[in-house]
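# Analysis of the macromolecular model
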Amino acid sequence: MKLFELSQQNLFEGGNVFKTADGKPKTSRILLAQISPTLDWLEKVTGLPMHGMTLGSVGKKASSGDIDIVVDSNKISKKAFGQSLENWAIGQGLNPKDHVKIAGEVHLLTPIAGDAQNGFVQTDFFFHEDPTWMKFSMQSPGDASNYSGAERNQLMSSIAKALGLKYSWQRGLLNREDESVISKDPDTIAQTLLGPRFTASSFDSVESIQRAIKGNKRIEQGLQGLIHTLQSTDKLGPTGKPTMDVKTGKHKQKSPSDQRKDQEEAQRVIKLTGVSL
């Protein structure tokens, strides 16, 4: 689905869509205590549930740069939703171009706690046919963790890769060879990657994943093999052995850009898992 070509980094880090004529943001950060009344206001304006539909670290940090919300695309389309917000703005005597932006997502210049005197926060509405999956895949622990939601997803991806599978925050757990979907159920993914006694809660944060994999020989050995593959300058085949250049009789080498990319990934795996060679 093209929607999920959006960058997860952009979602986790937020952005400033609404700016003044001189390029300054019209929005500010929103405090934790202001999230709930702002969601109340959004529910009144949109007629849709907002509580329980937030993404990332919204409501889990002392303050947030924006509010990310998933909307069930089975119930309303992005076009229809955007139009309804534009109609609302017009009904309030506002210029819809100053308050509503429709691009990859729908953005609303939102009065904090429903009162413009508190300032404004940017609300980003993401549309998907499976909101439950999106809330899981875009989960971020906020202040409860030393790591971001993006790093959580990177760790899940590394574990899957170490076990010969592939994890996509867009599509779920995949067969690495043909990218067919194995599962999009969080509990099933946890049991497949971590073991039968684990559930989706094991993926709450990087720290909870680290606890789940500690002492798991299958995962630790898989991660060591992954690190070895990434750190090797040789181009390795499916069995993990170097491939030969038939013309020179020497091992094929990764390109400089691939070596740099793989070294960065290896360091990230070591940092997030604590596993090394």
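Residues numbered from 1 in each chain as written. Predicted model: local features only at pLDDT ≥ 70, side-chain atom pairs only at ≥ 80, totals over all residues. Heavy atoms only, no water.

## Observations concerning the overall build of the protein
A count of helical and extended segments in the protein gives 10 helices and 9 strands. Principal-axis analysis of the C-alpha atoms places the extent of the protein at approximately 75 × 45 × 30 Å. Within the protein, the proportion of its 277 residues that are buried is 44%. Taking contacts inside the protein between residues at least 6 apart in sequence as the whole, the part at least 24 apart equals 59%. Taken as a whole, the protein presents about 14,300 Å² of accessible surface, with 48% of it coming from carbon and sulfur. A distance of 5 Å separates the average location of the 35 positive side-chain charges in the protein from that of its 31 negative side-chain charges. (Helix = DSSP H or I, 4+ residues; strand = E, 2+ residues; numbered from the N terminus. Buried < 20%, exposed > 50% of the residue type's maximum accessible area, 1.4 Å probe, protein only. Contact = heavy atoms within 4.5 Å. Areas by Shrake-Rupley, 256 points an atom, 1.4 Å probe, with all protein chains shown as cover. Lys, Arg positive; Asp, Glu negative; His and termini not counted. Charge placed at Lys NZ, Arg CZ, Asp CG, Glu CD.)

## Brief notes about the pairing of strand β6 (residues 120–128)
The buried count for β6 comes to 8 of 9 residues, which makes it a mostly enclosed element. Sheet topology note: the strand β3 (residues 66–72)/β6 ladder contains 7 bridges and is parallel. Its bridge partner lying in β6, aspartate 68 is registered against aspartate 124. In this structure, strand β5 (residues 106–111) lies alongside β6, joined through 6 bridges in antiparallel fashion. Note that in β6 the partner of valine 106 across the bridge is phenylalanine 125. (Pairing = 2+ DSSP bridges.)

## Regarding the side chain of serine 208
The residue serine 208 is located in helix α8 (residues 206–213) in this model. Assessed through its relative accessible area of 10%, serine 208 is described here as buried. A polar side-chain atom of serine 208 sits 3.3 Å from the main-chain amide nitrogen of aspartate 204. When sequence neighbours within four positions are dropped, the list of residues in contact with serine 208 reads Ser201, Ser202 and Phe203. (Polar contact = N/O pair within 3.5 Å; in protein donor to acceptor, adjacent residues only side chain to side chain.)

## What to know about the packing of aromatic side chains
Per the stated rule, a full pass over the model turns up 6 aromatic pairs. Geometrically, the ring pair formed by tryptophan 41 and tryptophan 88 is edge-to-face, given 5.5 Å between the ring centres and 85 degrees between the ring planes. Here the residue tryptophan 41 occupies a position in helix α2 (residues 32–46), and tryptophan 88 occupies one in helix α3 (residues 78–91), the gap between them amounting to 47 residues. Of the two residues examined, tryptophan 41 and tryptophan 88, each falls in the buried class. Ring centres of phenylalanine 81 and phenylalanine 127 lie 5.4 Å apart, and the angle between their planes is 65 degrees; this geometry places the pair in the edge-to-face category. Residue phenylalanine 81 is found in helix α3, and its partner phenylalanine 127 is found in strand β6; the two are separated by 46 residues along the sequence. Per residue, the accessibility class of phenylalanine 81 equals that of phenylalanine 127, and both read buried. Ring pairing ties together the aromatic residues Trp133, Phe136, Tyr167 and Phe203, which thus form one cluster. Lying over the aromatic face of phenylalanine 136, arginine 152 brings its terminal NZ or CZ to 4.8 Å of the ring centre. (Phe/Tyr/Trp six-rings, centres within 6.5 Å; stacked < 30°, edge-to-face > 60°. Lys NZ or Arg CZ within 6 Å of the ring centre and 35° of its normal.)

## What to know about helix α10 (residues 256–273)
Between its first and last C-alpha, α10 extends 26 Å over 18 residues, near the 26 Å set by a 1.5 Å rise per residue. If you check which residues of α10 are buried, you get Asp262, Glu265, Ala266, Val269, Leu272 and Thr273. For α10, the angular spread of the buried residues around the axis is 140 degrees, confining them to a single face. Residues of α10 that are exposed and angled more than 90 degrees away from the buried face: Pro256 and Arg260. Of the surrounding secondary structure, the elements contacted by the buried residues of α10 are α6 (149–162), α8 and α9 (217–231). Positive phi shows up at glycine 274, right after α10, with a value of about 80 degrees. (Expected span 1.5 Å × (residues − 1). Arc of directions from axis to C-beta.)

## Let's talk about the nonpolar core
Within the largest apolar cluster, 60 residues are counted, with the highest numbers of intra-cluster contacts made by Phe125, Leu193, Leu194 and Phe203. When sequence neighbours within four positions are dropped, the list of residues in contact with phenylalanine 125 reads Leu42, Met50, Ile69, Val71, Phe81, Leu85, Glu105, Val106 and Leu108. (Core = buried A, V, L, I, M, F, W, Y, C linked by side-chain atoms within 4.5 Å.)

## Notes on the packing of α6 against α10
It is at 10 Å that the axes of α6 and α10 come closest, and there the two elements cross at 105 degrees. It follows from the interaxial angle that α6 and α10 lie roughly perpendicular. Residues Glu151, Gln154, Leu155, Ser158 and Lys161 of α6 touch α10, and the partners they reach there are Glu265, Arg268, Val269, Lys271, Leu272 and Thr273. Classifying every residue of the contact of α6 with α10 gives 3 nonpolar, 3 polar and 5 charged. (Axes fitted to C-alpha atoms, helices over the stretch in contact; angles between N-to-C directions. Parallel < 35°, antiparallel > 145°, perpendicular 65-115°, else oblique. Nonpolar A, V, L, I, M, F, W, Y, C, P; charged D, E, K, R; others polar.)

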